[in-house]
Amino acid sequence: MSAELATKPSGAILDQLRSMQNQVQTPECRHWLQQELEGYSETAPLPWYRIISCRQRGHFIDLGSGKHMTCHIGNQALSQRDLASVQFIYARDPVAAYLSYSGPELEPWPEELLQAYQGVLIPGHLCLHAWHEPISSLRCQITEGLRQFMEEYPRCAHATTSHGFKAMQHRHWHF
C-alpha cells in the first residue's frame, strides 16, 4: 500500500475525494465518487475493496465441564446458503465511516443462524455467541482501493470518456 495514502489522516483522504469530484470529467467517475462519499445503495454493485472476507469465530461452553472457550468455526460447518450470509462484510456506508473507525470489526451472526447451529458446531459444546471478523482491516482495504483508483484514474481519463473508467472497473473492481 502507498505509505503516503496509508498515513494520511481520514480528513485528508476525504478532502482529496471531494476535490476529485470537482475535477473529474466522466459521469461514471462522478457517480463512483458520489457513492464513496454518500454510501452505496443495497442494490448497487460494490467495488472489490468494499467486499471484505471474514472468518467465523464463536464463544463455546463445554456441556460436560462448564469450561468456556473461543474457537474458529470452519466454513465447512455451515451450509453454503448460511455461509454466504456471513462470509463477507459488504461495506455500503459512506467512506468516512470506515476511514475514521478504529474499534473492533466484529459483527455478530444473525440470531436465527446462531440458534440453528449452536448445538452442532462442536460436539458436546454449546455456542453462546458467534460472529464474523474481517480477515484484513476494513480501513486498510478501503484505503488501498481508493489509492488504486486515484492512481489509475489520470491514466484512464484521457481515453474515450466512458471506456477508460469501464476498463478500470472490469480490471479489478466489481465482485
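Residues numbered from 1 in each chain as written. Predicted model: local features only at pLDDT ≥ 70, side-chain atom pairs only at ≥ 80, totals over all residues. Heavy atoms only, no water.

Visitor: I keep staring at the environment of K67 and nothing clicks. Help me out?
Guide: Assignment of secondary structure puts K67 in the loop between β1 (51–62) and β2 (68–73). With 58 residues separating them along the chain, K67 and H125 place their C-alpha atoms 9.5 Å apart. If we skip the residues at most four places from it in the chain, K67 touches F60, I61 and D62. (Helix = DSSP H or I, 4+ residues; strand = E, 2+ residues; numbered from the N terminus. Contact = heavy atoms within 4.5 Å.)

Visitor: So what exactly am I meant to see when it comes to the pattern of salt bridges here?
Guide: Close approach of charged atoms allows side chains of opposite charge to pair. Counted by the stated rule, this structure contains eight salt bridges. Put simply, D15 and R18 hold a salt bridge, and the shortest N to O gap is 3.6 Å. Within this pair, D15 and its partner R18 are both found in helix α2 (residues 10–23), separated by three residues, close to a single helical turn. Looking at D15, the relative accessible area reads 47%, which means it is partly exposed. The exposure class of R18 is partly exposed, given its relative accessible area of 43%. Among the ionic pairs, R81 bridges to D82, the shortest N-O distance being 3.1 Å. A cluster of three or more residues bridged by salt bridges with shared partners is formed by R55, R57 and E133. (Salt bridge = Lys/Arg side-chain N within 4 Å of Asp/Glu carboxyl O. Buried < 20%, exposed > 50% of the residue type's maximum accessible area, 1.4 Å probe, protein only.)

Visitor: What am I meant to see in the packing of α2 against helix α3 (residues 27–38) here?
Guide: Packing of α2 against α3 leaves a shortest axis separation of 9 Å and a crossing angle of 150°. In terms of orientation, α2 and α3 fall into the roughly antiparallel class. Relative to α3, the crossing made by α2 is left-handed. Only R30, W32, L33, Q34 and L37 of α3 make contact with α2, whose side of the interface consists of L14, L17, R18, M20 and Q21. Of the residues that constitute the contact of α2 with α3, the class distribution is six nonpolar, two polar and two charged. (Axes fitted to C-alpha atoms, helices over the stretch in contact; angles between N-to-C directions. Parallel < 35°, antiparallel > 145°, perpendicular 65-115°, else oblique. Left-handed = near helix turned anticlockwise from the far one by under 90°. Nonpolar A, V, L, I, M, F, W, Y, C, P; charged D, E, K, R; others polar.)

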